[in-house]
Amino acid sequence: MGIGPRQKRAREYRGQIVSPGRPTVAWREDRVRFWQAIAAGAKTREAGEAAGVSEPVAHRWFRHAGGVNPHLASTVSGRYISSSEREDIALWRAQDSGVREIARRLGRSPSTISRELRRNASTRTYQLEYKASIAQWHAERRARRPKTAKMVTNDRLRQYVQDKLSGEIITAEGEVVGPEGPAWDGKNKPHRGDREWVTAWSPQQIAKRLPLEFPDDPTMRISHEAIYQALYVESRGGLARKQSWHLRRGRTKRMPRARTRQEAWAHVTAETVLQKRPKEVEDRKIAGHWEGDLIIGLKRSAVATLIERTTRYTMLVHLPRQVGYGLIPPKKNGPALAGYGALTMKDALINAMTPVPPTLRRSLTWDRGKELSAHALFTEATKTPVYFADAKSPWQRGSNEHLNGLLRQYFPKGTDLSRWNAAEIAAIATAMNNRPRGILGWRTPAEAFADQLRSVQQHTVATTS
């Protein structure tokens, strides 16, 4: 059975085309919902749920776009037939409705419906069958107006930008120095310790330097945004995506602006904000209210610091690294082996606070670090409620911030804190507690805390008697 004249004319009208496969995403409602969620600050997985697609599909959409929002129109202009209208056309056409009847139902001109059926019907069957998905693919393919990137056509400009993005560090003797860097996996930036040494300029530096070096050549001009898109968006072309590693942040995908404004403080609940802390804490007249934080050192080492607000008594908590640190490569959502993961931190604080009488552990105020994400388990074990200070408000934990400053005499910045064992850290805490403090009338924190312990013991004996 040969091709009829009508189908032959349709094929000649459209020309030879490739197999459509799965329809693309231009104007598709799911992709529009996905990028709207991303623009609102949602994570890729959450945006995929909003769009009704699986998590692997959502991550593929984000990766292929390089994190750059394509700004798809939420609706199709009224002059164009939408995807939902094409579904109606396909349904009514299968019910043998005529062109004029379909046009009347959609409120369209009969010529519009006729042209839609002629242009966008499937050509891979004997009859010109109209399928909504194939028709949408034809319309999207025809609507694309890709603009060739400037660096694709201008070899000289591309070479200049590429050289400035991937310059090498060279000694006076002409020797290239620095690590070789890891293998390119096409996804994430390398660990900071594995990055190559380069003299890479930022895209803005490149864009601003071009007019100075080529003042008489208007073709040697490009915006820094075009350079970023050539690095992040695969379809823009012109530059190797691996060169995004040479940027200052080393990101291989653009970070949506709304995400940068988000704070990863999901562990701070409405019951643990500072406003819920008892008012008695403010005047420091009642002992038993503590402040805490971490001192961070090199190679992800840390020491936890605790100070009692009334007596300024200090406790330092040793946070040894876990078994496997340095042997098991770090990975996302992997085990926290540095020594201050949420569960490790919780156990260390429980061991430190349990010997303290219950009346001298009334509350603990911490900053918003995620190392105390397991605060609910800590509270359950010690009966000590935890409250988190407001973001970027160190004065709300003034005693602890002052303590950390004093401790830098023993733990200077740039020190690997894992070199000290628990006994040595305890000795430093003892030294801090035996230094006279002007706020205490030149008494020591150890003396003031001892008075509180005696008061608790006398009250306990009196109550028992």
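Everything discussed here concerns the structure shown above.
Residues numbered from 1 in each chain as written. Predicted model: local features only at pLDDT ≥ 70, side-chain atom pairs only at ≥ 80, totals over all residues. Heavy atoms only, no water.

The secondary structure content of the chain amounts to 18 helices and five strands. Looking at the chain as a whole, 39% of its 465 residues are labelled buried. For the chain, the share of sequence-separated contacts (at least 6 apart) that also reach a separation of at least 24 residues comes to 62%. Taken as a whole, the chain presents about 27,000 Å² of accessible surface, with 51% of it coming from carbon and sulfur. (Helix = DSSP H or I, 4+ residues; strand = E, 2+ residues; numbered from the N terminus. Buried < 20%, exposed > 50% of the residue type's maximum accessible area, 1.4 Å probe, protein only. Contact = heavy atoms within 4.5 Å. Areas by Shrake-Rupley, 256 points an atom, 1.4 Å probe, with all protein chains shown as cover.)

With that settled, consider the side chain of K346. Summarising the element assignment, K346 is placed in helix 14 (residues 342-353). A relative accessible area of 15% places K346 in the buried class. Sequence-distant contacts of K346, that is, excluding residues within four places in its chain, are made with A374, L377 and F378.

What the rule picks out here adds up to 18 salt bridges. Between E291 and R309 there is a salt bridge, with its nearest N and O atoms 2.5 Å apart. Linking E291 in strand 1 (residues 289-296) with R309 in the loop between strand 2 (302-308) and strand 3 (314-318), this pair joins segments that are 18 residues apart in sequence. Residue E291 shares its accessibility class with R309, and that shared class is buried. Salt-bridge contacts for K346 lead to D347; the nearest nitrogen and oxygen are separated by 2.8 Å. (Salt bridge = Lys/Arg side-chain N within 4 Å of Asp/Glu carboxyl O.)

Where burial is concerned, most of strand 1 is hidden: seven out of the eight residues are buried. Looking at chain direction, strand 1 and strand 4 (residues 363-366) are connected through four bridges and run parallel. Bridge pairing in strand 4 places G292 opposite W366. Direction of pairing for strand 1 relative to strand 2: antiparallel, over a ladder of seven bridges. Note on strand 2: the bridge partner recorded for G292 is L306. Linkage of strand 1 to strand 2, two consecutive antiparallel strands, is achieved through a turn of five residues, within which K299 is found at a positive phi near 55°. (Pairing = 2+ DSSP bridges.)

Generally speaking, a soluble globular protein has its nonpolar side chains buried in company with each other. The biggest cluster of nonpolar side chains holds 29 residues, and the ones touching the most others in it are L306, L319, M345, L349, L364 and W366. Elements with a contribution of two residues or more to this core: strand 1, strand 2, strand 3, helix 14, strand 4, strand 5 (386-388) and helix 18 (445-464). Examining the composition of this core, we find that six residues originate from one element, helix 14, more than from any other. Look past the residues within four positions of L349 in its chain and what remains in contact with it is L306, V317, L364, W366, L372 and F378. (Core = buried A, V, L, I, M, F, W, Y, C linked by side-chain atoms within 4.5 Å.)

Another point: helix 5 (residues 83-94). Along its twelve residues, helix 5 runs 17 Å from first to last C-alpha, staying within 8% of the 16 Å computed at 1.5 Å per residue. Turning to helix 5, its buried residues are E85, R86, I89, A90 and W92. Summarising the contacts, the buried residues of helix 5 are in contact with helix 6 (99-106), helix 7 (110-120) and helix 8 (132-143). Immediately downstream of helix 5, the backbone of D96 shows phi near 65°, a positive value. (Expected span 1.5 Å × (residues − 1).)

Before going further, it helps to examine the packing of aromatic side chains. Taken as a whole and assessed by the stated rule, the structure comprises seven aromatic pairs. Between Y228 and Y232 the ring centres are 6.1 Å apart and the planes differ by 15°, which places this aromatic pair in the stacked class. On the criterion of helical spacing, the pair formed by Y228 and Y232 is a turn pair, its members being four residues apart in helix 12 (residues 224-232). For Y232, a relative accessible area of 6% translates into the label buried. Through a chain of ring-to-ring contacts, three or more aromatic side chains come together here, namely F34, W35, W61 and F62. Here R105 stacks its cationic end above the ring of W92, 5.1 Å away from the centre of that ring. For the cation-ring pair, K164 lies above W201, with the distance from its terminal atom to the ring centre recorded as 4.4 Å. (Phe/Tyr/Trp six-rings, centres within 6.5 Å; stacked < 30°, edge-to-face > 60°. Lys NZ or Arg CZ within 6 Å of the ring centre and 35° of its normal.)

Once that is clear, we can look at the packing of helix 6 against helix 7. Put simply, helix 6 and helix 7 touch, their axes get as near as 8 Å, and they point 115° apart. Pair helix 6 / helix 7 crosses with right-handed handedness. Contacts between helix 6 and helix 7 involve V99, R100, I102, A103 and L106 on the former and, on the latter, P110, I113, S114 and L117. Residues of the contact of helix 6 with helix 7, tallied by class, amount to seven nonpolar, one polar and one charged. (Axes fitted to C-alpha atoms, helices over the stretch in contact; angles between N-to-C directions. Left-handed = near helix turned anticlockwise from the far one by under 90°. Nonpolar A, V, L, I, M, F, W, Y, C, P; charged D, E, K, R; others polar.)

When you line up the elements, A450 lands in helix 18. The class of A450 is partly exposed, set by a relative accessible area of 24%.

Below, the discussion takes up the packing of helix 2 (residues 29-39) against helix 4 (residues 55-64). For the pair helix 2 and helix 4, the least separation of the axes is 12 Å and the interaxial angle reads 75°. Of the possible angle classes, the one that applies to helix 2 and helix 4 is roughly perpendicular. The segment helix 2 lies against helix 4, with D30, R31, F34, W35 and I38 engaging A58, W61 and F62. For the contact of helix 2 with helix 4, the per-class residue count stands at six nonpolar, no polar and two charged. (Parallel < 35°, antiparallel > 145°, perpendicular 65-115°, else oblique.)

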